[in-house]
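Topology and contacts: notes
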Amino acid sequence: MTLKKGSFVIEELENVQINIGKIGAKEEQIAEGPTPRPEIIGLRNWDYRILDRYNPVYTPTGDTCDYCTYGKCDLTGNKEGACGIDLEGQSARQALMTSIMGAACHSAHGRHLLNYLIKKYGEDFKIDVGPSNLQAPLTETIMGIQPKTIGDFIPVLEYVEEQLTQLIAITNTGQEGSSRDFESKALHAGMLDLLGMEVADIIQISCLGFPKSDEKAPMAEIGMGILDPKKPVVICVGHNIAAPAYILDNMDKNGLFDKIEIAGLCCTAHDMTRYNKTAKIIGSMSKELKYIRSGIPDVLVTDEQCVRADILKEAQKLHIPVIATNEKITYGLPDRSNDSVDEIIDDLVSQKQSGAVLLDFEKIGELVPKLAMKMGAIRKAKGLTALPNDNEFKKLVAKCTKCLQCTKDCPQGLPISDAMTAAVNGDFSLFETLHDKCVGCGRCDYSCPAGIPILNVIEKASQRVIREEKGKMRIGRGQIGDPEIREEGRNLVLGTTPGVLAFVGCGNYPDGTKDVYDIVEEMIQRSYIIISSGCAAMDIGMFKDKEGKTLYERYPGRFVKGNLLNTGSCVSNAHIAATTIKVASIFAGRKTKGNWEEIADYVMNRVGAVGIAWGAYSQKAFAIGTGCNRLGIPVVVGPHGTKYRRAFIGKPYKKDDWNVLDGRDGSVVNVEPAPEHLMITAETKDEVMPLLAKLCFRPSDNSLGRAIKLTHYIELSEKYLKKLPDDWHIYVRNEADLPVAKREPLMKLLEEKGWKIDWEKKKIIEGPLRKVDVSFQPTNVPRLCKEVKK
Amino acid sequence: MTPKAQVMGQNEEKVIDTTRQAVPFNTGNIPGPKMARAVMPAVPGKMLAKAKRPLLIVGSEIDDPDVLARVVMLGKTGIQIASVGDSYKYLGDKGLDAHYMNMHALMSYICDPQWPGLDGKGGYDLVVFFGITYYYASQAISALKNFSKIKVISIDKYYHPNADMSFGNLKKDVFIEALDEVIEQLPK
Ligand code: SF4
Ligand code: SF4
Ligand code: SF4
């Protein structure tokens, strides 16, 4: 039989459709599950299962809609607007749009890299991410193919782009009306986001020599105090390594690393260090304005994503030329890609132009170091900085009238006027505390009626702590290798490793970067596996213990309990999600290709992995979280996350919501609420730690695993909330589930709750929701049961 | 010394006006045409006194001793407390009917008529709150504003547009005084 392009269904194999795409050496179409390349409603049944248990909770930031010219419509109290959509529908539509934006960002990043890398290395360049057979877990699970070369990702991105266009169409007025279906589509966008990120990171790891599953990747320096400001300084801002790679190559070739400092802000920094370990990291987006205003950078190189919109404006004031290297951010600058390097440099040095769009990577590589040498000399001689000098500072703080307008405009509500008062009396400590809590947004500058440039004042007062801001971060290792999964998968599924906690996302923390360090330190000491990426991975490395060691120096980077891993930049988040697929595949032998629902069902019921985006701000972070949710991974965000306007919250008091099937015979088993929520916020770090521990429970835990997880849940709650959790007993199935050290007192408490205890045998006779059954095969998908009971 | 005297530093009465500065505490937080009515403390006080099953929600900002003292006084009148964020650590040993809850989950449950409440005795007819991170509370109660019928009153130091009623933005001494006036309305 000759196979032609198209799709066919095999009789008797209900739900199995085999799609034949491009057949040949480039792409192996070997779907094993029913949903390769799922269309927009291809996984809707799975989404409904999620949404029926984890109900969307909407917290609108506004009660009106102004999407079309019928509006503005007042939707307060869930009223309908002129088109018939109500506030619930509109909120769900916003969730979809947010997910689409995030997914588009990562996928467009992937597209930019793919086009560039194919041009440079050819379509047949082999994928190599380290010691793995399952090299592209998300691609396999979603697409049903096993990519071997970077060219194999062409149809993957085409699929993502086509699906995203379909999803964007849905957000137009007069399209979808059901909030449930908007959410199913948002989950689809989230999944596409994971796929786009995987493509982007696999191709850059493969082509650009990034660490490949390297648990011993070297350390990079990080912090606002690491650069020598006397040298010319190049700062790259954004997420895309393509242009900075050429700058690093040029500097390497010409031996310039001793003469010029080069560092990155935001995820570009991650990938610069993955590309060349000599590069350094300043920090997250929160540091952009602070660092530019310090006047230290002599050249700013921008690419894409999380680049502040006012960078050119700010840079201009300090005569820092901006080189925009990506079409997505051009700041109205002239495109100088076809001009000679020397001409461009002349125009920038003479301030004829404040910056240039430059899309020719070779020229960027040549121009930036040269420009830095020239600008460095000029700028340092002039001592250009936006920060006030000591005299100016004294006058500025004395101007504060304590009107509190700045606090009202500050997204963190920071007590700025108190710090001003203290500084008048020579005490800078309040400002130093503010420096870490301040997200560097600059909103306060606009608000002060006395005309105090508040952020500059905070930064001036914090020079002492800024100079000491020198941390270490283990360079992004990329994927978790198959051998590591083989070693650890069992512990995870049985629960004897209490959980995987993924610290991801941005720097919009509710109470400073130190929180993230504190949470990681507490949880890693309890043997959780900590995986990090993006700005969270950077902030973890910013603080030191008494011996002067950062967490990366204290804890190794293997995927085993009590280790701290950094996968890399934002797009390497894909590997964190993909780790759960690897567990399902490598440890449990589940088929991956085109088999999303089964894999996600496995992850949700068995893999104790939780994402925490404590400072999430971007649409990208929301999309990642939503994608993780579709894969069955719960996500917790900080309090600012309520402004994402949608969460997925379980209701433990609704017993029927927690019915699962036993895959052995299809019988219904009422289980404990595990995981209890899929997307939720917490107010403070003290609240979030017990919550994280709780969200690691899974129905598949064996007794030893459950006892370990329960120990941490109880201890964290007692330590940080000063109470035994109200619901601890729900997670007890028999006496062996109880923490060993507290077994008797806890059994007494259970007896007080009406449970029957045989004290002689020290056994629980009656009380638990269900028994422990080591062979239990929890699933939410009826077709996965061997024999479905009628 | 009575709490009021502690604040004033003397035994004289000061008339406070909690309806001033009734603009969203965070300048940009303007949700829409329906924003909270600014009220004097007697209004929430009387409503709390009249409610059959009121719920007081407090959060991480009750760490201030003056504020904490008022939470305890309110709790001692028998009002059930949902202690959100990490606030339980301040309340656990005070002998109150206080229960830890996650704020976000609590909002979801209050919107659900089938929720049995914190103690299994059913839902609530009034929500009053204070001492919660401003933007967090503001966002969370937007769920109640738009997707539930329950009355929500802020007695926090911030003007909360998403509540049905709220104080304006208050300086600390006025805030404490306002809480005392709310407490005065309640049966001892
Ligand atoms: S999209 Fe609908 S609700 Fe929004 S402004 Fe238009 S008519 Fe009104
Ligand atoms: S720059 Fe800092 S202090 Fe100013 S408004 Fe933003 S977070 Fe607040
Ligand atoms: S806005 Fe300006 S004057 Fe007013 S409190 Fe803040 S710093 Fe002081």
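Within any chain, residue numbers begin from 1 and follow the written order of that chain's sequence. Just so you know, chain letters begin at A and ligand numbers begin at 1, following the order they were written in. Owing to the predicted nature of the model, reporting of local features is limited to residues with pLDDT of at least 70; listing and counting of side-chain atom pairs is limited to 80 or more, with chain, interface and lining totals taken over all residues. Hydrogen atoms and water are omitted, and side-chain values are computed over all heavy atoms in the structure.

Here's the deal with the overall build of chain B
Test applied: Working definition: helices are DSSP H or I runs of at least four residues, strands are E runs of at least two. Numbering for both runs from the N terminus. Here the globule rule reads 2.2 Å times residues to the power 0.38, and the radius of gyration is calculated from C-alpha atoms. Think of it in three bands: with a 1.4 Å probe and only protein chains considered, a residue is buried below 20% of the maximum accessible area for its type, exposed above 50%, and partly exposed in between. In what follows, residue pairs with any heavy atoms lying within 4.5 Å of each other are defined as contacts. Only the protein chains shown count as cover for residues, with accessible areas throughout obtained via the Shrake-Rupley method and a probe of 1.4 Å.
When its secondary structure is counted, chain B shows seven helices and seven strands. Along chain B, helices (α) and strands (β) appear in the sequence α-β-α-β-α-β-α-β-α-β-α-β-β-α when read from the amino end. Taken over C-alpha atoms, the radius of gyration comes to 15 Å for chain B, in line with the 16 Å a tight globule of 188 residues would show. Across its three principal directions, the C-alpha atoms of chain B cover 50 × 40 × 30 Å. A burial count over chain B gives 62% of its 188 residues as buried. Expressed as a percentage of contacts within chain B between residues at least 6 apart in sequence, the contacts between residues at least 24 apart total 68%. Accessible surface computed for chain B: about 7,300 Å², of which carbon and sulfur atoms make up 53%.

Some details on the nonpolar core
Defined as follows: Here, nonpolar core means buried Ala, Val, Leu, Ile, Met, Phe, Trp, Tyr and Cys residues that are tied together by side-chain atoms lying within 4.5 Å of each other. For the domains described, the bounds stem from an automatic or database domain assignment.
The biggest cluster of nonpolar side chains holds 139 residues, and the ones touching the most others in it are Phe153(A), Leu167(A), Ile262(A), Leu367(A), Val368(A), Phe559(A) and Trp596(A). The element that contributes the greatest number of residues to this core is helix α5 (residues 179–208) of chain A, accounting for 16 residues. Summarising the domain contributions, this core has at least three residues from each of domain 1 (32–208 + 470–702) and domain 2 (219–382) of chain A. Core analysis: the next-biggest nonpolar cluster, separate from the first, contains 93 residues, Val57(A), Ile540(A), Leu716(A) and Tyr135(B) among them.

What to know about the packing of aromatic side chains
This is how it is decided: Two rings from Phe, Tyr or Trp (for Trp, the six-membered ring) form a pair when their centres are within 6.5 Å of each other. A pair whose planes differ by under 30 degrees is stacked, one over 60 is edge-to-face, and the rest are tilted. Any Lys NZ or Arg CZ found within 6 Å of a ring centre and within 35 degrees of that ring's normal is scored as a charge over the ring.
Tallied over the full model, the rule gives 20 aromatic pairs over all chains. Seen from their ring centres, Phe622(A) and Tyr644(A) are 5.0 Å apart, and the 40° between their planes marks the pair as tilted. One end of the pair, Phe622(A), is in helix α25 (residues 619–630); the other, Tyr644(A), is in the loop between β18 (635–637) and β19 (646–650), and 22 residues separate them in sequence. When sorted by exposure, Phe622(A) lands in the same class as Tyr644(A), which is buried. Ring plane angle 55° and centroid distance 4.6 Å describe the contact between Phe25(B) and Tyr158(B), whose orientation is recorded as tilted. Of this pair, Phe25(B) sits in the loop between α1 (3–8) and β1 (37–38) while Tyr158(B) is found in the loop between β6 (151–154) and β7 (165–166), placing the two residues 133 residues apart along the sequence. A connected cluster of aromatic rings, assembled from ring pairs, spans Tyr653(A), Tyr109(B), Trp115(B) and Tyr124(B). Over the face of the ring belonging to Tyr88(B) we find Lys723(A), whose NZ or CZ atom lies 4.7 Å from the ring centre. The ring of Trp759(A) carries the charged tip of Lys748(A) above its face, separated from the ring centre by 5.8 Å.

Here's the deal with the packing of helix α2 (residues 87–121) of chain A against α25(A)
Residues and elements named next belong to chain A. Where we set the bar: Every axis in this analysis is a line fitted to C-alpha atoms, fitted for helices over the stretch in contact. Angles between the N-to-C directions lie between 0 and 180 degrees. Oblique is the label for any angle not covered by the other classes, which are roughly parallel (under 35 degrees), roughly antiparallel (over 145) and roughly perpendicular (65 to 115). Residue polarity follows a fixed list, in which Ala, Val, Leu, Ile, Met, Phe, Trp, Tyr, Cys and Pro are nonpolar, Asp, Glu, Lys and Arg are charged, and the others, Gly among them, are polar.
Interaxial distance between α2 and α25 falls to 7 Å at its minimum, and their mutual angle equals 100°. Between α2 and α25, the crossing angle belongs to the class labelled roughly perpendicular. The segment α2 lies against α25, with Ala95, Thr98, Ser99, Met101, Gly102, Ala103, Cys105 and His106 engaging Gln619, Lys620, Phe622, Ala623, Ile624 and Thr626. Here the residues of the contact of α2 with α25 sort into seven nonpolar, six polar and one charged.

With respect to the sheet that holds strand β5 (residues 126–130) of chain B
All names here are of chain B. The condition is simple: Any two strands are treated as partners once DSSP identifies two or more bridges connecting them.
Strand order in this open sheet of seven strands is β1-β7-β6-β5-β2-β3-β4, and the pairing throughout is parallel. A single partner strand is all that each edge strand has here, and the edge strands are β1 and β4 (98–100). Pairing between strand β3 (residues 80–83) and β4: three bridges, direction parallel. Of the residues in β4, the one forming a bridge with Ala82 is His99.

Some words on the site of ligand 1
Put simply, the rule reads: Being near a molecule or strand, for a residue, means having at least one of its heavy atoms within 4 Å of it.
The immediate surroundings of ligand 1 are formed by 13 residues, with Cys65(A), Cys68(A), Cys73(A), Cys83(A) and Thr173(A) found nearest. When the residues that make up the shell around ligand 1 are grouped by side-chain class, the tally is eight nonpolar, three polar and two charged.

Some remarks on the interface of chain A and chain B
What counts, and what does not: Note: buried area is the sum, over both parts, of the accessible area (probe 1.4 Å) each one loses when the two are combined. In the sections that follow, a salt bridge refers to a side-chain nitrogen of Lys or Arg positioned within 4 Å of a carboxyl oxygen of Asp or Glu. A 3.5 Å cut-off defines polar contacts: any pair of N or O atoms within that distance qualifies, except that in protein one atom must be a possible hydrogen donor and the other a possible acceptor, and neighbouring residues in sequence count only when both atoms are side-chain atoms.
Counting from both sides, the interface comprises 50 residues of chain A and, opposite them, 39 residues of chain B. Carbon and sulfur atoms make up 56% of the area that chain A and chain B hide from each other, which totals about 3,600 Å². When the area that chain A buries against chain B is broken down by residue, the three leading residues are Lys408(A), Tyr653(A) and Glu683(A), summing to 20%. Linking chain A to chain B there are four salt bridges. Linking chain A with chain B are 25 residue pairs in polar contact (both at pLDDT 80 or more). Elements that contribute at least two residues to the side of chain A that touches chain B include exactly β3 (54–58), α2, α13 (405–409), β19, β22 (679–681) and α26 (685–695) of chain A. Ranked by the residues each element gives to the side of chain A that touches chain B, the list is headed by α13(A), at four residues.

Overview of the side chain of Arg93(A)
All names here are of chain A. Keep this limit in mind: Charge assignment: positive for Lys and Arg, negative for Asp and Glu; neither His nor the chain ends contribute.
Position of Arg93 relative to the elements: it lies in helix α2. One buried charged side chain, Arg93, makes no salt bridge at all; its nearest oppositely charged neighbour is Asp66, positioned 8.2 Å away. Within the local environment of Arg93, its side chain forms a polar contact with the backbone oxygen of Thr171, the two atoms lying 3.0 Å apart. Not counting the four nearest positions on each side in its chain, Arg93 is found in contact with Cys65, Tyr67, Ile85, Thr171, Asn172, Thr173 and Phe182.

Quick word on unusual backbone geometry
Residues and elements named next belong to chain A. Here the bond from Gly71 into Lys72 is cis, since omega is 0°, no more than 30 degrees from zero. On the secondary structure map, Lys72 appears in the loop between β4 (64–65) and β5 (73–74). Here Ala674 and Pro675 are connected by a cis peptide whose omega angle stands at -10°. Not every positive phi belongs to a glycine, and Lys402 is a case in point at roughly 60°. Counting through the fold element by element, Lys402 comes out in the loop between α12 (390–398) and α13.

Quick notes on the domain arrangement of chain A
Residues and elements named next belong to chain A. Looking at the assigned domains, one finds that chain A contains domain 1 (32–208 + 470–702), domain 2 (219–382) and domain 3 (390–467). Domain 2 and domain 3 are separated by 28 Å when their C-alpha centres are compared. Each partner contributes residues to the interface: domain 2 has eight residues there, and domain 3 has 13 residues. Note on domain 2 versus domain 3: buried area summed over both sides is about 810 Å², and carbon and sulfur give 46% of it. Our count for the contact surface shared by domain 2 and domain 3 stands at one salt bridge. One salt bridge connects Asp445 with Arg293, and the closest N-O pair in it is separated by 2.6 Å. Joining domain 2 to domain 3, the criterion identifies six residue pairs in polar contact (both at pLDDT 80 or more). For the side of domain 2 that touches domain 3, the element with the most residues is helix α8 (residues 288–294), which contributes three residues.

Some thoughts on the pairing of strand β14 (residues 500–503) of chain A
All names here are of chain A. Worth spelling out the cut-off: Seen with its strands pointing away from the viewer, a crossover is right-handed when the path leading from the first strand over the helix to the second is clockwise.
On β14, burial covers both faces: Val500 and Ala502 on one face and Leu501 and Phe503 on the other are all buried. Pairing analysis gives four bridges linking β14 to strand β17 (residues 609–613), with the strands arranged parallel. Along β17, the bridge assignment pairs Ala502 with Gly611. Between the parallel pair β14 and strand β15 (residues 529–533), the chain is carried across by helix α20 (residues 514–525), and the sense of this crossover is right-handed.

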